[in-house]
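Here are the chains, one letter per residue:
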Amino acid sequence: MAFDDLRQFLAALDDSGQLLRISEQVAAEPDLGAAAAAAARLGDTAPALYFDNIAGFSPATPARVALNVHGSWRNHALALGLDPATSVRDQVAEFARRCAQFPVKPV
């Protein structure tokens, strides 16, 4: 994969304009669930959502939540290290190519 961890991937999403940061305080329920449902309906270019102010958590023990990181084809292309405008067909072909090269046979 193109990234070593989620932080690197979130930075790439942010750099490409595919990460929407929400700093207003939200409740874990129903706000996060509603945001996830809404993001899923935004289509092929939907951004990932990053919440860093969850009610019930303090600055000493913060909670951060990332949603929809693979919820659009643009984000999926970025996860594969491809141009965000890569077609769905080419993304699927690249994913299949990488699966075929996987060093461990699935059981």
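Caption draft 1: Structural detail: the nonpolar core. Residues Ile-22, Val-26, Leu-32, Ala-35, Ala-39, Leu-49, Phe-51, Ile-54, Ala-63 and Leu-67 constitute the largest nonpolar core, which totals 10 residues. It is helix α2 (residues 28-40) that contributes the most residues to this core, three residues altogether. With residues up to four places along the chain from it excluded, the contact list for Leu-49 reads Leu-19, Leu-20, Ile-22, Ala-35, Ala-39, Val-65, Ala-66 and Leu-67. Of all hydrophobic cores here, the second largest spans nine residues; its members include Leu-13, Leu-19, Ala-48 and Ala-79.

Caption draft 2: Here's a closer look at the packing of aromatic side chains. One pass over the structure, following the stated rule, counts one aromatic pair. The interplanar angle of 45 degrees and the centroid separation of 5.3 Å between the aromatic rings of Phe-3 and Phe-9 together place this pair among those described as tilted. Residue classification places Phe-3 among the partly exposed residues on the basis of a relative accessible area of 23%. Above the plane of the ring of Tyr-50 lies Arg-21, whose end atom (NZ or CZ) is 5.1 Å from the centre.

Caption draft 3: Molecular detail of the pattern of salt bridges. Taken as a whole and judged by the stated rule, the model has three salt bridges. In this structure, Asp-14 engages Arg-21 in a salt bridge whose closest nitrogen and oxygen atoms are separated by 3.4 Å. Between Glu-94 and Arg-97 there is a salt bridge; the shortest N-O distance is 2.6 Å. In this pair, Glu-94 and Arg-97 are both assigned in helix α4 (residues 88-100), three residues apart and thus about one turn of the helix distant. Using a relative accessible area of 15% as the deciding quantity, one classes Glu-94 as buried. Its relative accessible area of 40% is what places Arg-97 among the partly exposed residues.

Parameters at a glance
- Residues numbered from 1 in each chain as written.
- Predicted model: local features only at pLDDT ≥ 70, side-chain atom pairs only at ≥ 80, totals over all residues.
- Heavy atoms only, no water.
- Core = buried A, V, L, I, M, F, W, Y, C linked by side-chain atoms within 4.5 Å.
- Buried < 20%, exposed > 50% of the residue type's maximum accessible area, 1.4 Å probe, protein only.
- Helix = DSSP H or I, 4+ residues; strand = E, 2+ residues; numbered from the N terminus.
- Contact = heavy atoms within 4.5 Å.
- Phe/Tyr/Trp six-rings, centres within 6.5 Å; stacked < 30°, edge-to-face > 60°.
- Lys NZ or Arg CZ within 6 Å of the ring centre and 35° of its normal.
- Salt bridge = Lys/Arg side-chain N within 4 Å of Asp/Glu carboxyl O.

Any functional reading would require information beyond the geometric quantities listed.
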